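Structural characterization, general
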Amino acid sequence: MAKNTIENNWRSATRLVHGGTMRTEFGETCEALFLTQGYVYASAEAAEARFNGEEEGYVYSRYANPTVTMFEERMCALEGAEAAKATATGMAAVTAAIACQVKAGDHIVAARALFGSCRWVVETLMPKFGVETTLVDGGNLEEWQRAMRPNTKVCFLESPTNPVLELVDIEAVATIAHSVGARLVIDNVFATPIWQSPLELGADIVVYSSTKHIDGQGRCLGGVVLADQEFIDEEFYDYFRHTGPSLSPFNAWTMLKGLETLDLRVRQQTRNAEKIADFLADHSKTNRVIYPGRKDHPQFELAKRQMKGGSTLVAFEVTGGKKAAFKFENALNIILLSNNLGDAKSLITHPTTTTHKNLSDEDRAQLAISDGLLRLSVGLEDVEDLIEDISQALDTI
Ligand SMILES: *Cc1c(COP(=O)(O)O)cnc(C)c1O
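Residues numbered from 1 in each chain as written. Predicted model: local features only at pLDDT ≥ 70, side-chain atom pairs only at ≥ 80, totals over all residues. Heavy atoms only, no water.

**Side note on the packing of helix α5 (residues 90-99) against helix α6 (residues 116-128)**
- Their axes nearest at 10 Å, the elements α5 and α6 cross at an angle of 35°. Both α5 and α6 take part in a crossing whose hand is right-handed. Mapping the contact onto sequence places Met91, Val94, Thr95, Ile98 and Ala99 in α5 and Ser117, Cys118, Val121, Val122, Leu125 and Met126 in α6.
- By residue class, the composition of the contact of α5 with α6 is nine nonpolar, two polar and no charged. (Axes fitted to C-alpha atoms, helices over the stretch in contact; angles between N-to-C directions. Helix = DSSP H or I, 4+ residues; strand = E, 2+ residues; numbered from the N terminus. Left-handed = near helix turned anticlockwise from the far one by under 90°. Contact = heavy atoms within 4.5 Å. Nonpolar A, V, L, I, M, F, W, Y, C, P; charged D, E, K, R; others polar.)

Here you go:
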């Protein structure tokens, strides 16, 4: 049986350990790290054939590299995608996935609640090149519908959103996008590939910052774009090859090792997050807790329909605004103050003064980012220790 046919029958956790592995003649168990820029040809004729595309093989690591290929193949196996290209960062993935398919005169529709840099790319960068952007309330399907134009080429959203963990109905937005011939791009970082499969819901392109759960241990930056073979070959590849947002082989190797434990980590971090969300919801020093896996989440029904599990993130608002939020953060002993997420270490951030500082007061109000809001990325520590840490810090408010 061909390798791909065997791999197609594997379940997700098995694909994460073995998917995409290519062994050299030495039969190494661990994926080899091909730290090389270029490749050597056996003859002038072989070089010509490689450049003509008549012979398969590597040419230059800006285009492709065996370690990076293994990471891309393993991501494809996990996501159920035909093709993928890995990038140096999540932002390189987002920018390339969008920019490769638009030209002056085209139009983008994006949800307003986006990771800060993603919003800058669609709201500020794209218009510089004559591509117009309309921002909509992601949860309002009528707004998506009204924003569509004949020249709309790309719809872009993340779900759950950062930091307030609101959901967008991916299946419904895909239908709206396709009605005008636009493609739907999903930033699936917050959901993770374990809990949400946008391609199955009708999305055309999925992007990740693999910096987050995929590395999962705070080491390397990376990203990946997944789609069908035609999109990667016809729309994405030339842009990627000539503009050079390629992932370093070393970082690809680190991400491959991260993928081996992704399923375990995300499941355990989610179990911890569920318990913390329940603890916070019952606490007198919190006004609100937002967690997609809880029945009191305003979109619990949608969460059940489009996600296979809750989230490793919890958002909550402490009573007493910024002053109380700072007091709480400064009293924490285990949970670290950091704007990163998806790490084995629990990390907390105050969006108003960090990740969402650059938004206007009006924008923040529109996105329900209040002064008392905190975003917690739950790690792999013992959940009882985390709850004790949160409890003693809330007592100081
Ligand atoms: C972190 C993040 C990005 C950007 O990824 P980098 O690897 O930091 O470039 C994009 N979208 C979301 C939702 C993120 O959390």
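**Here's the deal with helix α11 (residues 249-260)**
- With twelve residues, α11 should cover 16 Å at 1.5 Å per step; its first-to-last C-alpha distance of 17 Å lies within 8% of that length.
- Taken residue by residue, α11 has Pro249, Asn251, Ala252, Thr254, Met255, Leu256, Gly258 and Leu259 as its buried positions.
- Buried positions along α11 lie against α2 (12-18), α4 (66-79) and α12 (262-281). (Expected span 1.5 Å × (residues − 1). Buried < 20%, exposed > 50% of the residue type's maximum accessible area, 1.4 Å probe, protein only.)

**What to know about the site of the ligand**
- If you check the shell around the ligand, you find 14 residues, and the closest are Met91, Asp187, Ser209, Thr211 and Lys212.
- Contacts to the ligand include serine 209, whose side-chain N or O atom sits 2.8 Å from an oxygen atom.
- Protein chains bury 91% of the 380 Å² of accessible surface belonging to the ligand in isolation.
- Considered class by class, the residues forming the shell around the ligand number six nonpolar, five polar and three charged. (Near = heavy atom within 4 Å. Polar contact = N/O pair within 3.5 Å; in protein donor to acceptor, adjacent residues only side chain to side chain. Areas by Shrake-Rupley, 256 points an atom, 1.4 Å probe, with all protein chains shown as cover.)

**Considering the side chain of glutamine 306**
- Note that glutamine 306 resides in helix α13 (residues 300-306).
- For glutamine 306, a relative accessible area of 5% translates into the label buried.
- Engagement of the side chain of glutamine 306 in a polar contact is seen with the side chain of serine 159, the distance being 3.4 Å.
- A polar side-chain atom of glutamine 306 sits 2.7 Å from the main-chain carbonyl oxygen of valine 168.
- Contacts of glutamine 306, omitting those with residues within four sequence positions, involve Ser159, Val168, Asp169, Ile170, Glu171, Trp195, Gln196 and Leu201.

**Side note on the domain arrangement of the protein chain**
- Taken as a whole, the protein chain is organised into domain 1 (3-258) and domain 2 (261-394).
- When each unit is reduced to the centre of its C-alpha atoms, the spacing between domain 1 and domain 2 is 27 Å.
- Taken together, the contact between domain 1 and domain 2 spans 40 residues of the former and 40 residues of the latter.
- In total, about 3300 Å² of surface goes out of reach between domain 1 and domain 2, with carbon and sulfur atoms giving 59% of it.
- When the buried surface of domain 1 facing domain 2 is broken down by residue, Leu167, Trp195 and His213 rank first, second and third, together holding 25% of it.
- When the shortest N-O distance is used, the salt bridge between aspartate 363 and arginine 119 registers 3.3 Å.
- Of all elements in the fold, only α2, α8 (170-179), α9 (192-195) and α11 reach the threshold of two or more residues within the side of domain 1 that touches domain 2.
- Examining the composition of the side of domain 1 that touches domain 2, we find that four residues originate from one element, α9, more than from any other.
- For the side of domain 1 that touches domain 2, the residue count by class is 20 nonpolar, eleven polar and nine charged. (Domains from an automatic or database assignment. Buried area = accessible area lost by both parts, 1.4 Å probe. Salt bridge = Lys/Arg side-chain N within 4 Å of Asp/Glu carboxyl O.)

**Describing a nonpolar patch on the surface**
- Side chains of Leu33, Leu35 and Phe250 sit close together on the surface and give an oily, nonpolar patch of about 280 Å² of accessible area.
- Here leucine 35 shows up in the loop between α2 and α3 (44-52). (Patch = residues over 30% accessible without salt bridge, like charges linked within 9 Å, V, L, I, M, F, W, Y side chains within 5 Å.)

**Comments concerning unusual backbone geometry**
- Each neighbour pair has its own omega, and for serine 159 with proline 160 the value is -5°, a cis peptide bond.
- Looking along the chain, the bond that leaves asparagine 162 and enters proline 163 is cis, with omega of 0°.
- Counting through the fold element by element, proline 163 comes out in the loop between β4 (152-158) and α8.
- With a phi close to 70°, threonine 192 is a non-glycine residue in the positive phi region.
- Positive phi outside glycine occurs at alanine 368, with the angle close to 60°.
- Structurally, alanine 368 is set in the loop between α15 (361-366) and β12 (373-377).
- On the basis of relative accessible area, alanine 368 is assigned to the partly exposed category, the value being 32%.

**Overview of α3**
- Along α3, the residues that are buried comprise Ala46, Ala47, Ala49 and Arg50. Relative to the axis of α3, the buried residues are bounded by an arc of 165° and lie together on one face. Summarising the geometry of α3, the exposed residues directed more than 90 degrees from the buried face are Ala44, Glu45, Glu48 and Phe51.
- After α3 finishes, the residue glycine 53 shows a positive phi value of roughly 80°. (Arc of directions from axis to C-beta.)

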